[in-house]
Amino acid sequence: MAYKALCVISIILIILLCSGCERNRNMIPDEAMEEYFSSKSMDKQGKIEAAVTWSEIVRGKDVTIDVNSTITVPNSTEFPAAKASIKRFSMNDYCSILQSILRFNGQLDNQVDLKNQLTDHQTDKEFELKTELPDGELAILFGKIGANDCAYSVQNIIQNEEMVLAGDAIIGEPAGTRISEISMNKTDAIELTRQFLSDNGITDMGISSLTPAREVSVSEASHEIISTGYYITYTKQIQLLETPAQWRYYIRRDGEEIMHRAQISVERICFYIANQEIRVFLWNNATECAEIINNNIEMLSFADIQKRIMCKLIDRYSNHWVHLRQTNQTLCIKVSDVKLGICHIGTSMDENTIFYVPSWYAFYTETYFIGGEIVSVLNDYLVICAVDGTQLEPRMPTQ
């Protein structure tokens, strides 16, 4: 009887906290997505009215939701929506990228034509284009005609500072080791990579992360450090709206359709640059440059978004409360960061087109306890569409 009473109390708590919030609602029409986003326009939006921080605690018997978060909003009064087509690389595209890299590095004359080297490659298979650099090094461009990925790399190992700090990045190297004597300053690395993107017509990508990195010989006998520099990752940026998260997973069970599931994951361009040379270039989930479909889309107030975020966090508990009781666990969900950025979504009406919409990212940690002892910690985030409150991440089943 006591157990049933506790269950009833928990359900009542969830209902009360989510009152006024349509849980799991989806407002975005799959069949008319462009019309939907282009029609919600404002002459003047004004700056987003949100505090610098958000502090709120909700406590239940088995769960605590602790919001102690910074709130990051672009310094803008206009928040656009856009669309883009998924890029399908041709052989000309691959050749152009390789030529651009080698020319950037001062390793290729402008008149050299690489297409003649690739005439025997079939369009349905992956290929490797090997290029001997002036100093005898071998660099390889990997590709597949019709794919949306491209990779160029020297034949060595690239290690970022996080890998080095962990220890044994080179056998016997102690934990806490840092990359020192970097070959160029950070400002030059940023400017050079931005210039490379601009020279190649890529104008809608912004820096997502930057870290010191190094290049280590692939030879196990020497593990010689070849160069030091920076590993820089760019993600899609529409005006001042960035993509705050680089990773995402999609859960799709047999026969289950996922709402707004795009055909690609987050677009990324990664550089390892050292001594003013591009040593690694990766372009994943490539798209053509985005086209603005609404210069200033109407959005919900941040107060409405706060309610929606809290409802989804409570959903996390409502999905697990039986398991928590059965295993004598308690859960603390701690929100540390909330950011306004963009999120990409797809439509089944045109699988080659994706849309970018202003969205709120809430980053949180789930900590599970038994008897006061931590048993597991999970980092995750959810994304709420700023236009209408639809949950965009994690992607939800259509039913």
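Remember, predicted model here, so these are calculated numbers, not experimental data. (Residues numbered from 1 in each chain as written. Predicted model: local features only at pLDDT ≥ 70, side-chain atom pairs only at ≥ 80, totals over all residues. Heavy atoms only, no water.)

Let's shift gears to the environment of Arg 59. Relative to the helices and strands, Arg 59 resides in strand β1 (residues 53–59). Between the alpha carbons of Arg 59 and Cys 332 there is a distance of 9.2 Å; along the sequence they are 273 residues apart. (Helix = DSSP H or I, 4+ residues; strand = E, 2+ residues; numbered from the N terminus.)

What follows concerns the pattern of salt bridges. The final tally for this structure, using the stated rule, is twelve salt bridges. When the shortest N-O distance is used, the salt bridge between Lys 87 and Glu 288 registers 3.7 Å. Of this pair, Lys 87 sits in the loop between β3 (81–85) and α3 (91–104) while Glu 288 sits in the loop between β12 (277–284) and β13 (291–294), and the two are 201 residues apart along the sequence. Notably, a salt bridge pairs Asp 204 with Lys 236, separated by 2.8 Å at the nearest N-O pair. Taken as a pair, Asp 204 in the loop between α5 (186–199) and β8 (205–216) and Lys 236 in strand β9 (residues 225–238) lie far apart in primary sequence, 32 residues in all. The exposure class assigned to Lys 236 is buried, which follows from its relative accessible area of 2%. Salt bridges linked by common partners bring Asp 204, Lys 236 and Glu 267 together as one network. (Salt bridge = Lys/Arg side-chain N within 4 Å of Asp/Glu carboxyl O. Buried < 20%, exposed > 50% of the residue type's maximum accessible area, 1.4 Å probe, protein only.)

Let us look at the nonpolar core. The nonpolar side chains of soluble globular proteins are, as a tendency, buried together. If you look at the biggest cluster of nonpolar residues, it comprises 58 residues, and the most contacted ones within it are Phe 37, Ile 65, Ile 309 and Trp 360. Of all the elements, strand β15 (residues 353–370) adds the most residues to this core, at nine residues. In this structure, Ile 97, Leu 129, Ala 139 and Tyr 230 belong to the second largest nonpolar core, which totals 34 residues. (Core = buried A, V, L, I, M, F, W, Y, C linked by side-chain atoms within 4.5 Å.)

Summed over the entire model, instances satisfying the criterion amount to 14 aromatic pairs. Between Phe 37 and Phe 355 the ring centres are 6.5 Å apart and the planes differ by 45°, which places this aromatic pair in the tilted class. One end of the pair, Phe 37, is in helix α2 (residues 33–39); the other, Phe 355, is in strand β15, and 318 residues separate them in sequence. On the basis of relative accessible area, Phe 37 is assigned to the buried category, the value being 0%. We classify Phe 355 as buried; its relative accessible area is 4%. Taking 5.4 Å as the distance between ring centres and 40° as the angle between the ring planes, the aromatic pair formed by Phe 363 and Tyr 381 counts as tilted. (Phe/Tyr/Trp six-rings, centres within 6.5 Å; stacked < 30°, edge-to-face > 60°.)

Function cannot be read off these values alone, since they describe shape.
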